[in-house]
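# Observations on the three-dimensional arrangement
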Amino acid sequence: MHHTKKVLVVLAGLGTLAVALLSGTALAQEQPRALVERAAEAMGGLERLQELDNFVVTGFGQYLYQNGGGNLSPHPRAPVKWQAAVAAERSFDLANERAVNRDRRGLLFPFANERGHSWDETSTLQTGVAMLDHPLPAVLEALDPETGFGPVHVEDGLLVVEFTIETGDTLWMAIDPTTDLPAWVRWISGSTTLGEVTNTAWFTGYLPFDGVRLPVGITHNVDWRDATMSYFNVDSYRIDVDDPGPFPEQASAPGFGGQVAEAQATQIAEGVWDVRYGNNGGGVIEFDDHLTMFEAYGNETATLARIDLANTLVPGKEVTEVIVSHHHFDHSGGVRAAVSRGLTIIAERGNEGIFREMISRPAPNFPDALALDPQPLKFMPVEEHLILEDETMRVDVYHAVGHLHMANAVFAYVPEHRIFLEGDFTTWNWTWHWWGGAYLDSVERYGLDPAINIPVHGIVTTFDETIAAIEEQVARARAFCENNVASGIYMAGCPAKYSRDASDQED
Ligand SMILES: [Zn+2]
């Protein structure tokens with residue numbers, strides 16, 4: 001045993017020397033474990049860190065809404081939307097390799113239902129990679145006996161250590177050679193809309209707390225549009241508290257449309273079905289030799305389930321194209337899946353860029369249907385009005401107007417049956433409506449006469465029921481704003497705007 005160990009050490013030494021000679025940099029010859037141990041020394045001493053039982057960090061921050069896929073337009077320079085996190089408290093149970101994050105979150109833009117503005121306390125269990133976006137657990141995990149090291153490389157003057165933890169996940173830690181402190185930790189995660197993303201959590205502003213040097217700023221970036229996913233400002237650290245818990249039983253499922261359901265089809269008119277997966281879905285329309293679906297909602301599972309069910313509705317006819325109402329990442333969560341099936345994507349012109357970004361991303365570590373079967377994007381743009389028509393069916397696709405939730409959006413209309421198909425124009429049980437005028441503004445602009453509404457969210461209703469629901473939602477939004485102002489709270493979106501009457505101009 002002793003002999004083998006010595007041989008390995010010698011080989012490792014030769015390997016390092018070779019790397020140093022080839023790269024011409026003295027930095028890259030560092031041994032990864034020694035580097036991480038130096039970081040531990042800089043943070044307060046390896047023994048001190050390894051003796052810690054737990055620590056609690058508190059503060060406040062902002063999270064990018066829908067990972068940057070929830071903006072008013074899909075343009076890379078569009079203003080982004082933020083979710084605030086306050087009363088944040090994250091407890092790291094180092095002894096048991098778990099953490100719990102608690103905070104209260106509220107959207108800093110108007111949202112249609114209570115969960116957006118309730119500031120309810122969240123409580124999320126974090127294990128494995130999810131708790132390593134902080135240098136203290138990351139350094140300890142990197143030095144865990146179960147961890148394996150990869151080669152060291154240099155990036156922008158930082159020494160980067162690759163390490164693979166016992167779960168099989170590989171991460172990278174950058175160490176600043178001037179301070180020996182960890183500058184960032186990087187990991188790869190799966191993404192419904194983007195295939196996968198490379199995440200980097202930056203650690204800034206180290207201060208000593210009970211003799212342990214810890215960062216007071218954590219900023220999380222991804223390799224899509226170099227987007228900043230979150231900012232976290234620390235306002236306290238407590239080391240080895242008596243009771244860091246409680247810890248929830250299970251980690252919550254990430255992503256949209258996490259519900260498990262079966263796709264269900266309901267015929268609405270001749271040649272028109274509502275095909276839904278759980279609460280969300282949209283129409284499927286029969287043409288002479290194919291079917292057209294509305295929305296690739298949620299994720300791969302939901303979208304493929306809807307396509308598969310739609311393909312059974314009429315013998316010999318399959319879905320060949322999908323109308324996507326707008327780019328928001330819940331509404332486009334199935335675009336990669338739809339492209340993997342060769343479907344043409346029909347959407348407002350401004351979405352071509354973002355959809356091209358979404359489908360062109362490889363996902364070797366988290367392969368989805370598109371990564372396993374790459375297909376090119378077939379995009380059919382809608383300027384103001386696109387007619388889909390053959391001998392048997394006509395569908396009009398229009399650019400939505402007056403919609404301050406989504407500028408580059410379309411809806412569809414089946415004139416023969418007076419059916420209006422939409423995403424985010426309304427939902428029967430929304431609490432508030434902040435863009436309530438868009439429905440009638442769009443109906444009037446294009447001279448339509450709808451009788452039935454098929455929404456992406458919720459249930460099929462008559463046109464009259466739809467408009468009545470919108471009017472109630474607008475009235476509730478106004479009351480909500482007035483109540484907030486009475487408490488000295490001035491919310492984004494207030495006073496609620498409604499283009500269908502003049503009263504918002506009187507406010
Ligand atoms: Zn929506």
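Residues numbered from 1 in each chain as written. Predicted model: local features only at pLDDT ≥ 70, side-chain atom pairs only at ≥ 80, totals over all residues.

### A short note on the overall build of the chain
Helix and strand counts for the chain stand at 11 helices and 24 strands. Projected onto the principal axes, the alpha-carbon positions of the chain cover approximately 85 × 60 × 40 Å. Counting the 507 residues in the chain, one finds 41% classified as buried. Relative to all contacts within the chain whose residues are 6 or more apart in sequence, the contacts with residues 24 or more apart total 61%. (Helix = DSSP H or I, 4+ residues; strand = E, 2+ residues; numbered from the N terminus. Buried ≥ 20, exposed ≤ 12 C-beta atoms within 10 Å, placed from the backbone. Contact = placed C-beta atoms within 7 Å.)

### A short note on the pairing of strand β20 (residues 394-399)
When strand β19 (residues 385-389) meets β20, the two strands line up antiparallel, connected through five bridges. Pairing of Glu389 across the sheet is with Arg394, part of β20. The hairpin formed by β19 and β20 contains four residues between the paired strands. (Pairing = 2+ DSSP bridges.)

### Concerning the sheet that holds β19
Spatially, β19-β20-β21-β22-β23-β24 is the arrangement adopted by the six strands of the open sheet, whose pairing is mixed. If you trace the sheet from one side to the other, it starts and ends with β19 and β24 (461-462), each paired once. Across three bridges, strand β21 (residues 410-414) lies against strand β22 (residues 419-422) in antiparallel orientation. If you follow Val414 over to β22, its bridge partner there is Ile419.

### Some remarks on the domain arrangement of the chain
Segmentation of the chain into domains returns domain 1 (26-239) and domain 2 (263-504). For domain 1 and domain 2, the distance between their C-alpha centres works out to 35 Å. With 21 residues of domain 1 at the interface, the matching set in domain 2 holds 31 residues. Looking at the side of domain 1 that touches domain 2, the elements with two or more residues in it are β8 (182-191) and β9 (195-209). Split into classes, the residues belonging to the side of domain 1 that touches domain 2 amount to eight nonpolar, 11 polar and two charged. (Domains from an automatic or database assignment. Nonpolar A, V, L, I, M, F, W, Y, C, P; charged D, E, K, R; others polar.)

### A look at unusual backbone geometry
For the bond from Gly245 to Pro246, the omega torsion is 0°, close enough to zero to count as cis. Summarising the element assignment, Pro246 is placed in the loop between β11 (228-239) and β12 (263-269). Along the chain, Cys494 connects to Pro495 via a cis peptide bond; the corresponding omega equals -10°. Phi is positive for Asn67, close to 55°, though the residue is something other than glycine. Position of Asn67 relative to the elements: it lies in the loop between β1 (54-64) and β2 (82-93). When the 19 C-beta atoms within 10 Å are taken as the criterion, Asn67 is described as partly exposed. With phi around 80°, Glu295 is a residue other than glycine that occupies positive phi space. Within the fold, Glu295 resides in the loop between β15 (291-294) and α5 (300-310).

### Observations concerning helix α10 (residues 463-486)
Compared with an ideal rise of 1.5 Å per residue, which puts 24 residues at 34 Å, α10 spans 35 Å between its outermost C-alpha atoms and is within 8% of the ideal. Along α10, the positions that sit buried rather than exposed are Thr466, Ala469, Ile470, Gln473, Val474, Ala477, Arg478 and Cys481. (Expected span 1.5 Å × (residues − 1).)

### Considering the sheet that holds strand β16 (residues 319-323)
Strands sit in the order β12-β13-β14-β15-β16-β17-β18 across an open sheet of seven strands; the sheet is mixed. Both edges of this open sheet fall to β12 and β18 (379-382), since each of them pairs with a single strand only. Each neighbouring strand pair of the sheet contributes to a mean axis angle of 25°, computed without reference to strand direction. Relative to strand β17 (residues 344-348), β16 is paired through three bridges, and the arrangement is parallel. Along β17, the bridge assignment pairs Ile323 with Ile346. (Axes fitted to C-alpha atoms, helices over the stretch in contact; angles between N-to-C directions.)

### What about the nonpolar core?
Formed by 83 residues in total, the largest nonpolar core has its most connected members in Val322, Val335, Ile345, Ile346, Val397, Val410 and Phe411. Each of domain 1 (26-239) and domain 2 (263-504) gives at least three residues to this core. Not counting residues up to four positions away in its chain, the partners in contact with Val335 are Ala296, Val324, Ile345, Phe355, Met358 and Ile359. Core analysis: the next-biggest nonpolar cluster, separate from the first, contains 39 residues, Leu35, Val160, Val185 and Phe203 among them. (Core = buried A, V, L, I, M, F, W, Y, C linked by C-beta atoms within 7 Å.)

### Let's talk about the confidence of the model for the chain
Overall, the prediction assigns the chain a mean pLDDT of 92, with 91% of residues at 70 or greater. Low pLDDT, under 50, characterises residues 1-24; the predicted model gives this stretch 10 contacts beyond four residues in sequence or across chains. Considering only residues more than four positions removed or in separate chains, one finds that residues 503-507, a stretch of pLDDT under 50, has five contacts. (pLDDT = per-residue confidence, 0-100.)

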